[in-house]
Amino acid sequence: MCCRSLPSPRRPRQHEKNRYSEESTPGAEKLTALPEREFMRIAYLDCFAGISGDMFLGALLDAGAPAEALEQAVEALSIGASLRVERVDRSGISCTRVRVLEGGKPVEANEPLSEQARSPAHGPSHGHTHPHPHAHTHFHSDSHAPAQAPQRAPVGDSESGHSHTHGRSLGVIRDLIQRSSLTKPVQLRAVRAFELLAASEARIHNVDLEEIHFHEVGAVDAIVDIVACCAGIEALGMDAWYCSALNVGSGTVVCAHGTFPVPVPATADLLRGLPTYSAHVEQELVTPTGAALLRALEPVFGVQPRMRVRQIGYGAGSRNPTKFPNVLRLSLGDAAEPDMLPDTAIPTHPHRAAISVLETALDDLSPQILSWVAESALAAGALDVMLTPVIMKKGRPGTLLTVLCHPEQSQALEQLLLRQTSTLGVRVRQDQRLSLERRHTTVSTPYGEIRIKVGEQAGEELNAAPEFEDCRAAAERCQSPLKLVQQAAIAAYVQRRRTTQAPGDPGVASCANQTKPGDTPGL
C-alpha cells in the first residue's frame, strides 16, 4: 500500500515538540519549529474536480490516514468486502486510487451494469468522471429483512421498467452499520450520510423516509466507501474541516429513470445551500455519495484558511480525462495562532460550524406580514427564524426578527428582509453553532408509526423527542388527544431501549385494533 502514515491523531501537550518534521515534507524548505504550545489541526478539501466516495477515500489514504484503520472498518461490516489500493497517474499527478473488492474481485465486475453504464453518453469518448451509479432508489410498502446482498427483482419492475437488483432499505443499512464493531463516532457519521441520502430521495419522490430503498447506492461499494471514509476522517482526528466550492460539472447523464442534467436530482438536493459552480468538463463531477459525505462531515465552505500545510494527498477518480486532473486534493496542516483562521468560524468540535445571524427590529409592520416573512425565510433555507416582542424607542411595542442561516445563504436572506419588511437596515454577525448528531428512528404505538428525533454527542444520547407532525397526523387519524399520542411515542421509545429492540421491530397493533367498546377511539 503506497500511502504515507500519519502519527496517531491527538493534540500535542505543552512542552511537546511539533509532530511535523522536515522528513514529512521531502524537498520542502526547512520549516521553522512552532512554539511549544497547542495548535489547531486543519484539513482542507479542494474539490476542483468534484468529489466522490472513492476519490475521498483515496485522498484520505494519500494524505496519511492509517490504512489499518480503514481495513478494519471494512472488515467490521462483515459483508465480504476489502480494499485494493494502487498508485495511478491522473494528468501527470501521482495519486491514490481505491477499489472495493467483494470475494477478491472488483465489485463493478460482479454487479450488473446500470443504465448509465450502458449508455453511449458514458462510453470512451464521453467518459463519466466517476462511474459509480447514482442514488437510484425504489420505495415499497412491504418490509425487508436485513440481507448481506440484494435480491434480484423481476424484469419489467413497475417502478423502473428495467431489470435491477432489489436495493437495501435505509433501515437495513442502518442496522448493518449499528450492529458492527465500528466505533460509535464512525457509526454515527456513516448512518448520518445514508440518512441524508434517504431524506433527499424522500423529498424528490414524495415518499416516507423509511420507504426509500437504495439501489446502486445501497450496493457493497457505496457502503464501503462511506464507512471507510468515516473511519479515515475519525483516524486523522483533525480539529477543523474546510472545503472549497464544488465543481459539479455539466451536461447530462442517463440514469435508470431517464436522462437528467448534471447534477442529478439527489446530488442537487444534497448540495442545496452549498457553494457550487460548473467548469472545464461536460461530465458529472459530484456524486450523491460524495455530496452525502460532505453533508455528514459539515465542513466550513470557502477559500483555504491561512494554515501551514504539512501533508497533501490526492485521491483519484476512476476515469482519466485528457488534460484535466480528475483528483480530489486534501491538504492537512495546522495553525499556531487563532487569528490565522478566517473570522467566520474556528470549529473545534466535529459538529461546530459557522453561522450567520441576521436581525432587525420592527415597530411598523403588520403581524400578518411578519408571519409571512418568517415562513418565506424558512422556505429560502434559513435554519431558524425567531420573532421576539421588544419595546423600542418612544415606548413603542415592536418585534425583533432574527434569522439564523449558513454564511453562504446570508446575502439572499438579507435581501429578503430588506425587500419584504419595512426595515431600513439589517444587522449581520458571524457566530458559531454547536449541534448534536441527529438521527431518526421509528417506533410503533397504538396510534401508528411515529418518528423519534434523537440527539447524540460522542455516542451518548442526550435528547429524544417524537416528531410533532407525525403525532398530529396520528391524533387526527385516530381522533385522540395529541398529548396522548406524544406520550405513547415516548413510552414506546423508552421501552424499546430498555428491551434493546432493534430499530424497525414490530410493535403494537394499529389504533383501529386497540379500540374497545365504550372507549374513545385511539385511547
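The structure presented is a predicted model; accordingly, all values stated were derived computationally and were not measured.

Basis of the calculations
Residues numbered from 1 in each chain as written. Predicted model: local features only at pLDDT ≥ 70, side-chain atom pairs only at ≥ 80, totals over all residues. Heavy atoms only, no water. Phe/Tyr/Trp six-rings, centres within 6.5 Å; stacked < 30°, edge-to-face > 60°. Helix = DSSP H or I, 4+ residues; strand = E, 2+ residues; numbered from the N terminus. Buried < 20%, exposed > 50% of the residue type's maximum accessible area, 1.4 Å probe, protein only. Salt bridge = Lys/Arg side-chain N within 4 Å of Asp/Glu carboxyl O. Pairing = 2+ DSSP bridges. Axes fitted to C-alpha atoms, helices over the stretch in contact; angles between N-to-C directions. Contact = heavy atoms within 4.5 Å.

### Some remarks on the packing of aromatic side chains
Inspection of the entire model under this criterion finds one aromatic pair. Relative to Trp-241, the ring of Phe-56 lies with its centre 6.3 Å away and its plane at 75°, an arrangement referred to as edge-to-face. One end of the pair, Phe-56, is in helix H1 (residues 53-63); the other, Trp-241, is in strand S9 (residues 240-243), and 185 residues separate them in sequence. According to the relative accessible area criterion, Phe-56 is buried, its value standing at 0%.

### A look at the pattern of salt bridges
Under the criterion given, the structure shown has 17 salt bridges. With a closest N to O distance of 2.6 Å, Asp-269 and Arg-203 form a salt bridge. Taken as a pair, Asp-269 in helix H8 (residues 265-270) and Arg-203 in helix H6 (residues 184-205) lie far apart in primary sequence, 66 residues in all. One salt bridge connects Glu-359 with Arg-429, and the closest N-O pair in it is separated by 3.5 Å. Remark: Arg-429 occurs in strand S20 (residues 427-434) and Glu-359 occurs in strand S17 (residues 352-362); sequence separation between them is 70 residues. Residue classification places Arg-429 among the partly exposed positions, given a relative accessible area of 39%. A single network of salt bridges, built from pairs that share partners, joins Arg-203, Asp-269 and Arg-272.

### Some remarks on the sheet that holds strand S23 (residues 460-466)
Read from one edge to the other, the open sheet built from three strands follows the order S21-S22-S23, with strand pairing classed as antiparallel. Since the sheet does not close on itself, it has two edges, and those belong to strand S21 (437-445) and S23, each with one partner. For this sheet, the mean inter-axis angle between neighbouring strands, taken without regard to orientation, is 30°. Along the sheet, H6 contacts S21 and strand S22 (448-457); its crossing angle with S21, the most-contacted strand, is approximately 70°.

### Let's talk about the environment of Ser-435
Structurally, the position occupied by Ser-435 is in the loop between S20 and S21. For the pair Ser-435 and Ala-353, spaced 82 residues apart in the sequence, the C-alpha separation amounts to 8.3 Å.

### Let's talk about helix H2 (residues 67-77)
Those residues of H2 that fall on the buried side of the exposure criterion are Ala-67, Leu-70, Ala-73, Val-74, Ala-76 and Leu-77. At its buried positions, H2 is contacted by H1, strand S2 (81-90), helix H5 (170-178) and helix H7 (220-236). Positive backbone phi, approximately 55°, marks Ser-78, located one or two places after H2.

### Structural notes on the pairing of strand S1 (residues 40-46)
The buried fraction of S1 amounts to seven of the seven residues, a majority that puts the element mostly inside the structure. Burial along S1 is two-sided: Met-40, Ile-42, Tyr-44 and Asp-46 and Arg-41, Ala-43 and Leu-45, pointing in opposite directions, are all buried. Where S1 meets S9, four bridges bridge the pair, whose relative direction is parallel. In the strand pairing of S9, Ile-42 is matched with Ala-240.

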